[in-house]
Amino acid sequence: MKIVRADVIVTCPGRNFVTLKIVTDEGVYGIGDATLNGRELAVASYLRDHVCPMLIGRDPGRIEDTWQLLYRGAYWRRGPVTMTAIAAVDMALWDILGKVAGLPLYRLLGGASRDAVMVYGHATGRDLGEALERYAEHIEAGYQAIRVQCGIPNMRSVYGVAKSGGSYEPATKGAVEEQRWSTEKYLDFVPTLFAAVREKFGFDTHLLHDVHHRLTPIEAARLGKAVEPYRLFWLEDPTPAENQAGFRLIREHTVTPIAVGEVFNSIWDCKQLIEEQLIDYIRATLTHAGGITHLKRVAEFASLYQVRTGCHGASDLSPVCMGAALHFDLWAPNFGVQEYMGFPEPALEVFPHAWRFERGTMHPGEAPGHGVDIDEALAACYPYESAYLPVARLEDGTLWNW
Ligand code: EZ4
Ligand code: CO
C-alpha cells in the first residue's frame, strides 16, 4: 500500500480547524487534526509546502519510521508548528492502520483498560452565583468532574469566562483582544469560589480549576496551600512551565495536585516535571505533542512516576483530536481524566464521529481507526476566518501571561 495524496483542509464551522487527509492507492484514507489556535495557517503551510510532498509514495503502515523521518529528518526539532504537523500525519496513519485492520484504534494500542472515559466539563460564571448555577447543571448532566472558573470582583475580564454567559471561546475574530489581570484580586477571591462550591455541593464531585499560567511559583504555592481544605482534583497551569525546576517551589509548600502541559509539544517539555514528580497530571495533547506515537511515549514515561494523563480537550482541538484522544484514554493504564467542552453544532456536522457522550463519560465507539471523518463539501462552506487568542496586561499595562 502506498500514499498517493495528502491534502490540507482549512475550515471554520464555528471556529477554525486544520485537517490533514492522507489517501492511499487502495482508496483507504485517514485524517488527522493539525489545529494550532491562532496560528493555524503556519501549520497548514508546513504540511502543504514541506511535509505532504515527502509522504507521497511512502508505505502508510510505517508509522514509527514516518514519525522519525519527520522529527529527525527536519533537522530543526520540536516546536508547536512542527510537532502539530507531525501529529496530524501520525493520527492519519494510525487511522489508516485501524481501517486496514478493521479495528478501532484503542484495540491496536492494547485494548481498553476501562469501560469508559471520565471527562470534565466547564462550569463558568460571570459571578459566583452564575458559576454555582452552571456547576449544578453539570451535576444534573452526570459529570463526575467539573472545572470551575468565575469572574473576579472589580476585575474587568478573567480567563475562562464566557462574555455572554454561553459557552466559552477565547479566540476572537479580527483584532487581538486585550484583557487586564490582577494577581492580588484573583488570589483574594478564588478560595471563596471553591469554598462556595464545596459548601453547596459537598465533596462528591471532582473539582478542577485552571490558573492559566498567571502566577509566579511562590504565589502558586500560596494558592495551593490556601485551597487544600477544598480537596481539588487539580490546579492547572499554576505558573508557566519553561523553567521546570520552578515547580519544586510549589511542591515544597502544598499537597494540592498539579496539572500542566497543554502547551507542551514534546517529552522534553515535561521530562524533569515527571522525573522529579513535580506534577500529578500531564495535559499534553495528541494534536500538539506529536500524535499517538509520541504521546504514548510520554504516557508510558509518566506511568513510571505515578503521573496520570489529563489530555487537553478544549474546543480548539478538533473533533478528530477528540476521537483519537478517547481511544488513547480508553487504553492508557495511567489515564486520569479527559477535558471535554463540546463543539459548535456546525463542527459536529463537518466531522461525523463515532464517539459518544453519556452522563459525564465518553466512549470512542467501535468504528475502525479513530472513528472520525470529514465532510469535505460541507467543510468548504465554512472558509477560514482570521482569529487571535487574547493577551493579558497587568493593571499598569505590563504585558503578562494570558
Ligand atoms: O486557553 O485551548 O484548559 N484549557 C485551556 C484552553 C486554552 C485554549 C487555548 O487555545 O486552557 O481554554
Ligand atoms: Co488550561
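Everything quoted here is computed from the prediction, not taken from an experiment. (Residues numbered from 1 in each chain as written. Chains lettered and ligands numbered in written order. Predicted model: local features only at pLDDT ≥ 70, side-chain atom pairs only at ≥ 80, totals over all residues. Heavy atoms only, no water.)

1. Notes on the coordination of the cobalt ion (ligand 2)
In a perfect tetrahedron of four donors around a metal, the angles come out at 109.5 degrees. In a perfect octahedron of six, they are 90 or 180 degrees.
Here comes step 1: The protein atoms donating to the cobalt ion (ligand 2) are Asp210 (OD), Glu236 (OE) and Glu262 (OE), with metal-donor distances spanning 1.9 to 2.1 Å.
Here comes step 2: Bound by 6 donor atoms, the cobalt ion (ligand 2) shows angles of 24 to 175° at the metal and therefore irregular coordination geometry.
Here comes step 3: Linear spacing of the donor residues for the cobalt ion (ligand 2) on their chain is D-x25-E-x25-E. Residue Glu236 is located in strand S9 (residues 234-236), and its partner Glu262 is located in the loop between strand S10 (258-260) and helix H9 (271-275); the two are separated by 26 residues in the primary sequence. (Donors = N, O, S within 2.8 Å, 3.2 Å for Na, K, Ca; no water. Tetrahedral: all angles 85-135°; square planar, octahedral: opposite > 155°, others 65-115°. Helix = DSSP H or I, 4+ residues; strand = E, 2+ residues; numbered from the N terminus.)

2. Describing the site of ligand 1
Here comes step 1: Taken together, 14 residues lie around ligand 1, and Asn37, Tyr159, His212, Glu262 and Asp316 are the ones closest in.
Here comes step 2: Within the side chain of Asp316, a nitrogen or oxygen atom sits 2.7 Å from an oxygen atom of ligand 1.
Here comes step 3: In the model, an oxygen atom of ligand 1 is placed 3.4 Å from a nitrogen or oxygen of the Glu339 side chain.
Here comes step 4: Relative to its free-state accessible area of 330 Å², ligand 1 is covered by the protein chains to the extent of 94%. (Near = heavy atom within 4 Å. Polar contact = N/O pair within 3.5 Å; in protein donor to acceptor, adjacent residues only side chain to side chain. Areas by Shrake-Rupley, 256 points an atom, 1.4 Å probe, with all protein chains shown as cover.)

3. A short note on the nonpolar core
Here comes step 1: Of all hydrophobic cores here, the largest spans 111 residues; its most connected members are Ile22 and Leu47.
Here comes step 2: For this core, the domains that each give at least three residues are domain 1 (3-104) and domain 2 (108-366).
Here comes step 3: Residue contacts for Leu47: discarding those within four places in its chain leaves Val8, Leu20, Ala34, Cys52, Pro53, Ala85, Ala88 and Val89.
Here comes step 4: Of all hydrophobic cores here, the second largest spans 9 residues; its members include Tyr120, Phe233, Trp234 and Val337. (Core = buried A, V, L, I, M, F, W, Y, C linked by side-chain atoms within 4.5 Å. Buried < 20%, exposed > 50% of the residue type's maximum accessible area, 1.4 Å probe, protein only. Domains from an automatic or database assignment. Contact = heavy atoms within 4.5 Å.)

4. Comments concerning the packing of helix H2 (residues 63-72) against helix H3 (residues 80-101)
Here comes step 1: Running from N to C, H2 and H3 cross one another at 170°; their axes reach a closest spacing of 10 Å. When the axes of H2 and H3 are compared, the pair comes out roughly antiparallel. In this structure, H2 crosses over H3, and the sense of that crossing is right-handed. Each of Ile63, Thr66, Trp67, Leu70 and Tyr71 in H2 lies in contact with H3, whose residues at this interface are Met83, Ile86, Val89, Asp90, Leu93, Trp94 and Leu97. (Axes fitted to C-alpha atoms, helices over the stretch in contact; angles between N-to-C directions. Parallel < 35°, antiparallel > 145°, perpendicular 65-115°, else oblique. Left-handed = near helix turned anticlockwise from the far one by under 90°.)

5. Observations concerning the environment of Thr66
Here comes step 1: When you line up the elements, Thr66 lands in helix H2.
Here comes step 2: Among the residues examined, Thr66 registers a relative accessible area of 2% and is labelled buried.
Here comes step 3: Sequence separation of Thr66 and Leu55 is 11 residues, and the distance between their C-alpha atoms is 8.4 Å.
Here comes step 4: What Thr66 contacts, discounting residues up to four positions off in sequence, is Leu55, Arg58, Val89 and Leu93.
Here comes step 5: Only 3.1 Å separates the side chain of Thr66 from the side chain of Arg58, close enough to count as a polar contact.

6. Overview of the pattern of salt bridges
Here comes step 1: Inspection of the entire model under this criterion finds 20 salt bridges.
Here comes step 2: Here Glu385 and Lys173 are joined by a salt bridge, their closest N and O atoms 3.4 Å apart. You can see Glu385 sitting in the loop between helix H13 (376-379) and strand S16 (387-388) and its partner Lys173 sitting in strand S6 (residues 172-173), a full 212 residues away along the chain.
Here comes step 3: Between Arg251 and Asp280 there is a salt bridge, with its nearest N and O atoms 2.8 Å apart. Placement of Arg251 in helix H8 (residues 247-251) and of Asp280 in the loop between H9 and strand S11 (281-282) is noted, with a sequence separation of 29 residues between them.
Here comes step 4: A relative accessible area of 23% means that Asp280 is categorised as partly exposed.
Here comes step 5: Among the charged side chains, a network of salt bridges with common partners joins Glu236, Glu262, Arg283 and Glu339. (Salt bridge = Lys/Arg side-chain N within 4 Å of Asp/Glu carboxyl O.)

7. Overview of the pairing of strand S7 (residues 178-181)
Here comes step 1: Residues Gln179 and Trp181 of S7 are buried on one face, while the alternating residues Glu178 and Arg180, pointing to the opposite face, are not.
Here comes step 2: Bridge analysis of S7 against strand S17 (residues 391-394) gives 4 bridges, and the strand direction is parallel. Across the sheet, Gln179 pairs through a bridge with Ala392, a residue of S17. (Pairing = 2+ DSSP bridges.)

8. Topic: the packing of helix H5 (residues 128-140) against helix H6 (residues 183-201)
Here comes step 1: Contact pair H5 / H6: the axes reach a minimum separation of 11 Å and the direction vectors enclose 45°. In terms of orientation, H5 and H6 fall into the oblique class. For the element pair H5 and H6, the recorded crossing hand is right-handed. On the side of H5, the interface is formed by Leu128, Ala131, Leu132, Tyr135, Ala136 and Ile139, while H6 contributes Leu193, Ala196, Val197, Lys200 and Phe201.

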